[in-house]
Structures are given as structure tokens and as C-alpha cells.
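In case you want the letters, here they are:
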Amino acid sequence: MGRYIDEILQPGERVLYSTNEHWVYFLPAIGAWIAAVAFLVLWRLVAVDALALVYLVLAAVAGLAALYWTATAWFHRWTTETDVTNMRVVHKAGFIKRRTFEMSLDKVESVDVNQSVLGRLLNYGDLTIQGVGEGTQTISTVSSPLAFRSAITTRPVGT
């Protein structure tokens, strides 16, 4: 399966910038993996059989949750694309149920970046793209949002 942007490029159109959802989507999975390992360590350290069984069950539950959250976060990142070409902004999310939006660069009025403190530290944020006659589109949890905004607002010479 190829990238969505490669399937829809018009003649003379080229990709200037591509980004994806930030790895922060994996934080719940990372937390669950840490909890599973902690419960396994406690299971090995406890001498009481009943308590050891509780820790083993908790480790199994945390491991299953971690596996589920890892798979869903990976699938979400795999099926989401955000690109800027020399003609438009394109965002695609989903696999079977697909949601896309495209906005011509000529119609982009403003691009706002919203970053939390953690977002600034880890370099992710939300982009709100306001279009002339096109409405407003928000793209959440984008990696390197300032670079993405610059790719939209900076017009190369000759385009």
C-alpha cells in the first residue's frame, strides 16, 4: 500500500513537506508496558502465593492493555498522513473509514499553532488552518508543527 499523497499528486505538483502524528500517541502504551514489567518484578519478589498470583494477574492485564494500545497507536500513525505540496495542504486519516481534507495554498488565510508545555518540550502541537471560503481545519498532535506551518506559509520563489 503506497502513500495517499503519491496517489493524488497532480502533474507538476511536488511534495514540499511531510509529517505524521507525534510519537506521544504511544505514551499510554509505554505506561502500560512499564506497569506490566513492574508487576512482574513484584511477582518475583513476593513470597506470599496469593499476593504473587495477584501481581501475576495484574501483569497480564497490563500487558494485554499495553499490547492493545501499542497496536492502535501504531495503526493510527500508519494510516495518518499530512503533507504540504507546492499547490495544497493534504491531510488523510483512517484506513477503511477515511477522512481527508485538501486546501489550496492560495486559499490559506492563516495557520495557528497550539502547543502545550509538554508539546513544546517534545516538539508536537495542533495546527488550525483557516481558509478563505474554505472554513477551518484542525490537525491534532502533529510532529514539528512550526516547521509544518513554515512549509505552508513560506512560498518558494517561482511558484
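In short, a report on the structure. (Residues numbered from 1 in each chain as written. Predicted model: local features only at pLDDT ≥ 70, side-chain atom pairs only at ≥ 80, totals over all residues. Heavy atoms only, no water.)

1. Here's the deal with helix H3 (residues 49-78)
What counts, and what does not: Strands here mean DSSP runs of E at least two residues long; helices mean DSSP runs of H or I at least four residues long; both are numbered from the N terminus. Here, expected helix span is obtained from the residue count minus one, scaled by 1.5 Å. A simple rule labels every residue: compare its accessible area, found with a 1.4 Å probe on the protein chains alone, to the largest value its type can have, and call it buried under 20%, exposed over 50%, or partly exposed in between. For this analysis, residues touch if any pair of their heavy atoms sits within 4.5 Å.
In a regular helix each residue adds 1.5 Å, so 30 residues correspond to 44 Å; H3 covers 43 Å between its end C-alpha atoms and thus fits that length. Within H3, the full set of buried residues consists of Ala52, Tyr55, Ala59, Ala62, Gly63, Ala66 and Ala73. Packed against the buried residues of H3 are helix H2 (27-45).

2. Quick word on the sheet that holds strand E3 (residues 88-93)
Selection rule: Should DSSP find at least two bridges between two strands, the strands are taken to pair. For helices, the fitted axis covers only the stretch in contact; all axes are lines through C-alpha atoms, and the angles between them, taken along N-to-C directions, range from 0 to 180 degrees.
Ordered in space as E1-E2-E3-E4, the 4 strands form an open sheet in which the pairing is antiparallel. Each edge of the sheet is formed by a strand with only one pairing partner; in this case those strands are strand E1 (15-19) and strand E4 (99-104). Geometrically, the sheet is characterised by an average inter-axis angle of 10 degrees between neighbouring strands, direction not taken into account. Sheet topology note: the E3/E4 ladder contains 6 bridges and is antiparallel. If you follow Arg88 over to E4, its bridge partner there is Ser104. The strands touched by helix H5 (residues 145-153) within the sheet are E1, strand E2 (81-85) and E3, with E2 carrying the most contacts at an inclination of about 35 degrees.

3. Some remarks on the nonpolar core
Quick note on the threshold: Among buried residues, the Ala, Val, Leu, Ile, Met, Phe, Trp, Tyr and Cys ones that are joined through side-chain atoms within 4.5 Å form a nonpolar core.
By size, the foremost hydrophobic cluster in this structure holds 14 residues, and its most contacted members are Val89, Val108, Ile129, Phe148 and Ile152. Taken together, the elements giving at least two residues each to this core come down to E4, strand E5 (108-114), strand E6 (124-131), strand E7 (135-143) and H5. Considering every element that reaches this core, the biggest residue donor is H5, with 3 residues. Apart from the residues lying within four places of it in its own chain, the contact partners of Ile152 are Val84, Val89, Leu105, Val108, Val111 and Ile129.

4. Remarks on a nonpolar patch on the surface
Quick reminder of the rule: A patch consists of residues exposed above 30% relative accessible area that lack any salt bridge, with like charges linked at up to 9 Å and nonpolar side chains (Val, Leu, Ile, Met, Phe, Trp, Tyr) linked at up to 5 Å. With residues, only the protein chains shown are counted as cover, and all accessible areas are computed by Shrake-Rupley using a 1.4 Å probe. Salt bridges, as used here, are contacts in which a Lys or Arg side-chain nitrogen is within 4 Å of a carboxyl oxygen on Asp or Glu.
Taken together, the side chains of Trp23, Leu27, Ile30, Ile34, Val117, Leu118 and Leu121 present a nonpolar region at the surface, about 710 Å² in accessible area. Secondary structure elements with two or more residues in the nonpolar patch: H2 and helix H4 (117-122). Structurally, Trp23 can be placed in the loop between E1 and H2.

5. Focus on the packing of aromatic side chains
As a reminder, the rule being used: Any pair of Phe, Tyr and Trp rings, taking the six-membered ring for Trp, is counted once the centres come within 6.5 Å. Such a pair is stacked with planes under 30 degrees apart, edge-to-face with planes over 60 apart, and tilted for the rest. Here, over-ring charges are defined by two tests on the NZ atom of lysine or the CZ atom of arginine: distance to the ring centre within 6 Å, and angle to the ring normal within 35 degrees.
Under the criterion given, the structure shown has 7 aromatic pairs. The structure contains a cluster of three or more aromatic residues connected by ring pairs, namely Trp74, Phe75, Trp78 and Phe95. Against the face of Trp43 rests Arg44, its NZ or CZ located 5.4 Å from the ring centre.

6. Notes on the sheet that holds E7
The strand order across the open sheet built from 3 strands is E5-E6-E7, with neighbouring strands paired in antiparallel fashion. If you trace the sheet from one side to the other, it starts and ends with E5 and E7, each paired once. For this sheet, the mean inter-axis angle between neighbouring strands, taken without regard to orientation, is 20 degrees. Summarising the sheet, E6 and E7 pair through 7 bridges and their orientation is antiparallel. In the strand pairing of E7, Leu127 is matched with Ile139.

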